[in-house]
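# A structural walkthrough
One-letter residues, chain by chain:
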Amino acid sequence: MLYKTGLSSLLLFFFLCVAPVCADNLSLEPLLTELKHAAAQTETLSSPFVQEKYLDIFAEKLLSDGVFIYQKPDFLRWELLTPMASGFVLRGDDGERWNHLSQEQESFSVTDDPVMGMIAQQLLAWARVDLDWLEGRYRIELQTADPVVLHLYPRDEGEAEFIKYLQIQFSADRSHVVAVQMVEQSGDQTTITFTEVKINSALPSSAFQVPK
Amino acid sequence: MVRIGAFLLLLSLTACVSATPPQHFPKNCLAQASIVQLLEENWLNQAQVWRLRQATLLEAGGKSFPLEGFLRLDLLQGDARLVAMNETGLVLFDLQVTRSDYHLHRAIPQLREVDHFAKGVAQSLRHIFLPPQPQEDDLLENRENIQQLSQISNHRNVDFSYDCQGDLRTIRLKGEDGNWLVAYDEYRSFDNSRIPTQIIMNDYRQRLKLSLWVREGKHE
């Protein structure tokens, strides 16, 4: 189900600087405590990002870029700037999405739209450090501690049919995520790198509005 | 993704799609190419393999759905393979089309459940990239800055329009096996070859419109 809702929800979640938990690996606990503490201090996050999509069948790498913004407790913006301007904003239960090609602007409610509802559920779960929710969905392994790199393996068979694993890399000071990579069973990979992360900076009033 | 499925289900509804916008042909010039020249310069008649990154807008049933796409077009073998993604890079479907067949390599479950989804998209791609070819015995008509080649038979008519630069600008097919128009605009050079970077296909029978904007192109 997570796969069906798109990578964006995963990325948004991980960008909230909340630590995953591996019940089988007790050595993770001090690290997770540290990451959880950092997440609790976060009021806002914003960063440009670069998205690299590697298509295995064509041996082709496709580049896109965009902007991500989050504000506690449940405001967010996911905007792709190139090559196709599109994105969505979420304000609590309600949001809007847009696309330059279709020139359409569409309102949605997480209570009526199951896809956006799932995204909001994930975002809120992570913002609230809902570890039960995360443990139920992924088996998590610590790859390296410096920098912190985690691998997440989906427990759901449907999701595992498509996704081999997710790799999450934190910044050197462990205050935020700097890169997320989704490795698919097909051989495709999507890597999103957050290039200039700002934590707890003032956001423009238009941060959660559809662009004019 | 539910939105995708719901949208595609609308393909069978009766709402009309928007018309193909009027094309702008170069003026103050005469289109005087021979049939042989028109056939030789047709970008779809080159023995090349293209790798095209494109944005796609699919319209049907009064709705529209934007996609990011990467297309491998083998004009030598008559084979097109499209991988379509959403804005997060998630692959929605991977479809390969030939002049006579198609194969859906993969698709998200919601798309696999939609009847005739792959067939409908394959047909649209075939109209655009693997259409009927003009022939040397086609009827040639010169109209100042436009030339037209026509194939007329009992079961269908196919018209090919060219501008004064010799670029293929429209293919119009009407007959028992279809009723559609493809408009090729905004030619640009990639790897020293000219290709259209804005393509609009309007299938009047299926009430489906597919618009493509080529962002990047290169030879394989």
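About the cut-offs
Residue indices begin from 1 for each chain and proceed along its sequence in written order. Labels follow written order: the first chain is A, the first ligand is 1, and so on. The model is predicted, so local features are restricted to residues of pLDDT at least 70 and side-chain atom pairs to those at 80 or more, both for listing and for counting; the totals for chains, interfaces and linings are taken over all residues. With C-beta atoms placed from the backbone, a contact is any residue pair whose C-beta atoms sit within 7 Å. Working definition: helices are DSSP H or I runs of at least four residues, strands are E runs of at least two. Numbering for both runs from the N terminus. Residue type decides the class: Asp, Glu, Lys and Arg count as charged, Ala, Val, Leu, Ile, Met, Phe, Trp, Tyr, Cys and Pro as nonpolar, and the leftover types, Gly among them, as polar. The burial criterion counts other C-beta atoms lying within 10 Å of a residue's C-beta, which is placed from the backbone; the residue is buried at 20 or more, exposed at 12 or fewer, and partly exposed between these limits. One bridge is not enough; two strands pair if DSSP finds at least two bridges between them. Interaxial angles span 0 to 180 degrees and are taken between N-to-C directions of axes, which are lines fitted to C-alpha atoms, for helices over the stretch in contact. We define a nonpolar core as a collection of buried residues of the types Ala, Val, Leu, Ile, Met, Phe, Trp, Tyr and Cys that are connected via C-beta atoms lying within 7 Å of each other.

So, on to the interface of chain A and chain B. Contacts between chain A and chain B engage 24 residues on the former and 23 residues on the latter. Where the side of chain A that touches chain B is concerned, the elements lending two or more residues are α1 (7–15), β1 (44–55), β2 (60–71), β4 (86–91) and α3 (114–127) of chain A. For the side of chain A that touches chain B, the class distribution of residues is 10 nonpolar, 9 polar and 5 charged.

A word on unusual backbone geometry. The residue after Lys72 of chain A, namely Pro73 of chain A, is reached through a cis peptide bond having omega 5 degrees. Counting through the fold element by element, Pro73 of chain A comes out in the loop between β2 and β3 (75–82). Residues other than glycine seldom take positive phi values, yet Ala59 of chain A does so here, at roughly 50 degrees. Here Ala59 of chain A lies in the loop between β1 and β2. Residue classification places Ala59 of chain A among the exposed positions, given that 9 C-beta atoms sit within 10 Å. Within the chain, Asn192 of chain B stands out as a residue other than glycine whose phi angle is a positive 65 degrees. Structurally, Asn192 of chain B is set in the loop between β10 (178–190) and β11 (193–203). For Asn192 of chain B, a count of 6 C-beta atoms within 10 Å gives the class exposed.

A separate point is the sheet that holds strand β9 (residues 168–175) of chain B. All names here are of chain B. The strand order β5-β4-β3-β2-β1-β12-β11-β10-β9-β8-β7-β6 describes an open sheet built from 12 strands, whose pairing is antiparallel. Edge positions in the open sheet fall to β5 (102–107) and β6 (139–143), since each of these has one partner strand only. Taking each pair of neighbouring strands and ignoring which way they run, the sheet shows an average axis angle of 20 degrees. One ladder, built from 7 bridges, connects strand β3 (residues 79–85) with strand β4 (residues 91–98); its direction is antiparallel. Each bridged residue has a counterpart across the sheet, and for Leu82 the counterpart in β4 is Leu95.

This brings us to the nonpolar core. Counting 54 residues, the largest nonpolar core has Ala80, Leu92, Leu125 and Val182 of chain B as the members making the most contacts within it. For this core, the leading source of residues is helix α4 (residues 117–129) of chain B, giving 7 residues. Discounting residues that sit within four places of it in the chain, Leu125 of chain B has contacts with Ala80, Leu82 and Val97 of chain B. One finds Phe162, Leu166, Val180 and Phe194 of chain A within the second-largest nonpolar core, a separate group that totals 25 residues.

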